[in-house]
Amino acid sequence: MPVTRRSFLRTAALSSAAVSAMPLFTEAQLAQAQRRMPRKADPAGAIRIDANENPLGPCAAACSTISALIPEGGRYDSDLTDKLAATFAAQEGLKPEYVSVYAGSSEPLHYTVLAFTAPGRAYVTADPGYEAGMRAAAMNGAPVVKVPLTATHAHDTAAMLAAAPEGGVFYICNPNNPTGTTTPREAIERLLAQKPAGSILLIDEAYIHFSDATPSLDLVKADKDVIVLRTFSKLYGMAGVRCGLAIGRPDLLLKIGYYGMNPMPIMAVAAATTSLEEPGIIAQRKTINADLRNQTFEWLAANNYKFIPSETNCFMIDTGRPGHEVMAAMAEHNVYIGRVWPIMPTSVRITVGTAKDMAEFQSAFKQVMSAPPGSPARAAVLRNGSGMLS
Ligand code: PLP
């Protein structure tokens with residue numbers, strides 16, 4: 001933790017020009033950067049299981065909505081945005097003014113951290129955890145406090161509070177990225193009851209639909225100091241279309257609303273509304289993802305690879321060797337896997353892709369792992385490839 005605080009305070013002290021050249025922090029930016037690395041492999045045939053995307057894409061009804069709206073693309077139309085907020089609010093039993101629509105959840109995540117942290121009000125997050133909020137905190141000159149997950153890979157909310165009694169934002173990613181693990185409701189409630197005045201809980205539910213975690217929208221309904229983030233990028237397969245929601249008390253939403261002013265793309269909000277109205281989509285996609293994830297877990301267990309059981313579309317494998325080396329070796333096979341967190345340097349994050357993606361992942365991973373790290377044998381295997389790319 002002290003190292004983290006020091007490094008982020010150092011970063012925060014940089015000039016604004018330097019801040020804009022800071023490391024990339026969102027899933028989208030990190031994946032793009034990795035995929036642009038020089039490589040011998042064929043970019044068109046790449047297996048992309050590195051950014052927690054959903055290979056199913058938008059559902060068929062959402063695609064039809066987008067196509068049908070193209071001729072209307074010359075118009076500003078905020079009614080469609082209001083309709084999305086109203087639809088979500090009605091489904092969840094909320095008032096529409098408790099829902100703000102954004103182009104994905106990265107924006108409200110960033111804005112919430114800007115609004116509720118300060119040099120004396122820390123951003124408190126889990127380790128390993130999703131990194132995007134740390135950048136916003138650094139830009140604000142706020143301390144960043146990273147607290148290791150518990151032994152069961154939940155957020156250690158008691159330790160988070162103890163580490164930052166002056167915290168401004170307590171970020172709970174439930175389920176967590178990258179581990180795909182959940183945090184018990186009691187732990188969230190305890191933190192909410194004990195947190196310092198004026199602070200908020202930012203509960204990121206990007207992956208909630210894949211899991212059995214308890215949603216936190218009832219805390220919003222009860223007017224607590226809570227902002228919940230939802231996105232259409234994951235289960236709904238709209239990462240490239242861009243739509244997300246911030247759900248909270250109107251006074252909290254107003255504070256984060258100051259930072260953004262862009263009207264929403266009409267295709268994005270209309271496709272999101274269609275997705276919400278699509279019968280059975282959550283259960284269907286949750287099952288598709290869980291089946292592929294569990295098949296992969298069975299294969300990993302049968303081959304004695306260590307992994308953290310996850311409830312979402314991503315999971316961590318402990319490779320027992322430097323994770324960056326495994327990522328690079330997998331890229332040689334044209335299989336792009338997710339990244340490494342400093343607190344777990346031998347682990348890599350894998351996204352659940354299609355059945356074909358997971359088969360190709362298994363083939364490449366076995367070859368990479370069956371050669372000793374850095375050995376000539378491994379280099380030879382990598383040169384010859386897995387055969388799947390030709
Ligand atoms: N929150 C978490 C935990 C994520 O993993 C991501 C993306 O992967 C996001 C938020 C942001 O997603 P988007 O901006 O596409 O909604």
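Please read all numbers here as calculations on a predicted model, not as lab measurements.

Chemist: Help me understand the pairing of strand S8 (residues 244-247), please; the structure alone is not making it clear to me.
Modeler: If a strand is regular, its side chains alternate between the two faces of the sheet. Covered by surrounding structure in S8 are Gly 244 and Ala 246 together with Leu 245 and Ile 247, the residues of both alternating faces. The sheet contact formed by strand S2 (residues 99-102) and S8 spans four bridges and is antiparallel. Residue Val 101 lies in a different strand from S8, and its bridge partner there is Leu 245. Judged from the four bridges that link them, strand S7 (residues 226-231) and S8 form a sheet pairing that is antiparallel. Bridge pairing in S8 links Val 228 to Ile 247.

Chemist: Would you take a moment to explain the confidence of the model for the protein for this structure?
Modeler: A low pLDDT score tells you not to read the predicted coordinates there in detail. Per-residue confidence for the protein averages 89 on the pLDDT scale, and 87% of its residues sit at or above 70. In the model, residues 1-22 has pLDDT below 50 throughout and makes 28 contacts with residues more than four positions away in sequence or in other chains. Note that residues 376-390 has pLDDT below 50 and, in this model, 26 contacts with residues that lie over four places away or in other chains.

Chemist: Just to check I follow, could you spell out the nonpolar core for this structure?
Modeler: A general tendency of soluble globular proteins is for nonpolar side chains to be buried together. Counting 51 residues, the largest nonpolar core has Leu 84, Phe 232 and Cys 243 as its most contacted members. When residues in this core are grouped by element, the largest group, seven residues, is from helix H12 (residues 266-277). With residues near it in sequence (within four places) discarded, Leu 84 still touches Val 101, Phe 232, Cys 243, Leu 245, Val 269, Ala 272, Thr 273 and Leu 276.

Chemist: I tried to follow the layout of surface pockets on my own but got confused; where do I start?
Modeler: If a probe as big as a water molecule is rolled over the atoms, it shows which places are left empty. When its volume is computed, the largest pocket comes out at roughly 340 Å³. Surrounding the largest pocket, 24 residues form its lining, Glu 27, Ala 28, Ser 233, Lys 234 and Arg 242 being those nearest its centre. Within the residue set of the lining of the largest pocket, elements represented by two or more residues are helix H3 (27-35), helix H6 (106-116) and strand S5 (169-173). Ranked by the residues each element gives to the lining of the largest pocket, the list is headed by H3, at five residues. Residues that form the lining of the largest pocket fall into these classes: ten nonpolar, eight polar and six charged. Looking at the lining of the largest pocket, you find at least three residues from each of domain 1 (5-52 + 281-388) and domain 2 (60-277).

Conventions used here
- Think of each chain on its own: its residues are numbered from 1, step by step along the sequence as written.
- Where totals are concerned, whole chains, interfaces and linings use all residues; where local detail is concerned, this predicted model gives features only for residues with pLDDT of at least 70, and gives and counts side-chain atom pairs only at 80 or more.
- The basis for the side-chain values is all heavy atoms of the structure; hydrogens and waters are excluded.
- Relative accessible area decides the class of each residue, using a 1.4 Å probe on protein chains only: under 20% of the type maximum gives buried, over 50% gives exposed, and in between gives partly exposed.
- Elements are defined by DSSP. Helices are runs of H or I of four residues or more, strands are runs of E of two residues or more, and each kind is numbered from the N terminus.
- Strand pairing is assigned whenever DSSP identifies at least 2 bridges connecting the two strands.
- On a scale of 0 to 100, pLDDT captures the predictor's confidence in every residue.
- Contact between two residues is taken to exist if any of their heavy atoms lie within 4.5 Å; hydrogens are not considered.
- Residues enter a nonpolar core if they are buried and are Ala, Val, Leu, Ile, Met, Phe, Trp, Tyr or Cys, with the set joined through side-chain atoms within 4.5 Å.
- Using only the protein atoms, space was sampled on a 1 Å grid; points where a 1.4 Å probe fits but cannot get out form cavities, open sets with protein on both sides within 12 Å along at least five of seven lines form pockets, and lining residues are those with an atom within 4 Å of a point.
- Grid points are joined across faces, edges and corners, and a volume is the space filled by probe spheres set on the points.
- For this scheme, ten residues count as nonpolar: Ala, Val, Leu, Ile, Met, Phe, Trp, Tyr, Cys and Pro. Four count as charged, namely Asp, Glu, Lys and Arg, and the remainder, Gly too, count as polar.
- Each domain's limits were defined by an automated method or a database of domain assignments.

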